[in-house]
Amino acid sequence: MNEILTQEKSIYLQISEMIENDILRDILLEEERVPSTNELAKLYAINPATAAKGINLLVDQNILYKKRGIGMFVTAGAKERIRMKRKEEFYDNYIRTLIEEARSLGISKEDLVKMINDYEEK
């Protein structure tokens, strides 16, 4: 978790994304303890409630779970859940928009595939 917070989006969302990124990169493994809200607050000089909001978002998505008196831990299968969630977001944010724009410009599926293949060959 050595990333820098930006002004682009809410801090709690950035905290949850940083934890997700660490899980995807195998920095945080399944059943491993994640930094506490106080540790995150100190590390990023933020309010502990903001850090807790980011962690609770991951709890709601079954990415993290709480062991009472010990802390928050990565759930089994969290990495795959994050991958699936991000694939869906990628599709919704990029692919769907790309296809809709291609249709509005009269670009066929075949032409779109050719454009992608041509791009990959560069």
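Residue numbers run consecutively from 1 along every chain, following the written order of its sequence. pLDDT decides what is reported in this predicted model: residues at 70 or higher carry local features, side-chain atom pairs at 80 or more are listed and counted, and totals for whole chains, interfaces and linings draw on all residues regardless. Where side-chain values are given, they derive from all heavy atoms of the structure, hydrogens and water being excluded.

**Focus: the side chain of S16**
Moving on, step 1. Topologically, S16 is positioned in helix α1 (residues 11-24).
Moving on, step 2. Only protein chains enter the area calculation, which uses a 1.4 Å probe; residues under 20% of their type maximum are buried, those over 50% are exposed, and those in between are partly exposed. Under the relative-accessibility criterion, S16 is labelled buried at 5%.
Moving on, step 3. Residues count as neighbours in contact if any of their non-hydrogen atoms are within 4.5 Å of one another. Look past the residues within four positions of S16 in its chain and what remains in contact with it is G54, L57 and L58. Helix and strand labels come from DSSP, where a helix needs a run of H or I of at least four residues and a strand needs a run of E of at least two; each type is numbered from the N terminus.

**Let's talk about the nonpolar core**
Moving on, step 1. I19, I23, V34, L40, I63, L64 and V74 are the most contacted members of the largest nonpolar core, which totals 19 residues.
Moving on, step 2. Those elements that place two or more of their residues in this core are α1, α2 (37-44), α3 (48-60), β2 (71-74) and α4 (78-104).
Moving on, step 3. The dominant element in this core, judged by the number of residues it contributes, is α1, at four residues. In plain words, nonpolar cores are sets of buried Ala, Val, Leu, Ile, Met, Phe, Trp, Tyr and Cys residues tied together by side-chain atoms within 4.5 Å.

**A closer look at the packing of aromatic side chains**
Moving on, step 1. Stacked, tilted and edge-to-face pairs are distinguished by plane angle, under 30 degrees for stacked and over 60 for edge-to-face with tilted covering the rest, among Phe, Tyr and Trp rings (Trp via its six-membered ring) whose centres lie within 6.5 Å. Enumeration over the complete set of coordinates arrives at two aromatic pairs.
Moving on, step 2. Centre to centre, the rings of F90 and Y94 are 5.3 Å apart; their planes meet at 35°, and the pair counts as tilted. With F90 and Y94 both in helix α4 and four residues apart, this pair spans about one turn of that helix.
Moving on, step 3. Looking at F90, the relative accessible area reads 46%, which means it is partly exposed.
Moving on, step 4. By definition, being over a ring means that NZ of Lys or CZ of Arg is both within 6 Å of the ring centre and within 35 degrees of the ring normal. For the cation-ring pair, K53 lies above Y12, with the distance from its terminal atom to the ring centre recorded as 4.3 Å.
Moving on, step 5. Over the ring of F73 we find K67; its NZ or CZ atom is 4.4 Å from the centre of that ring.

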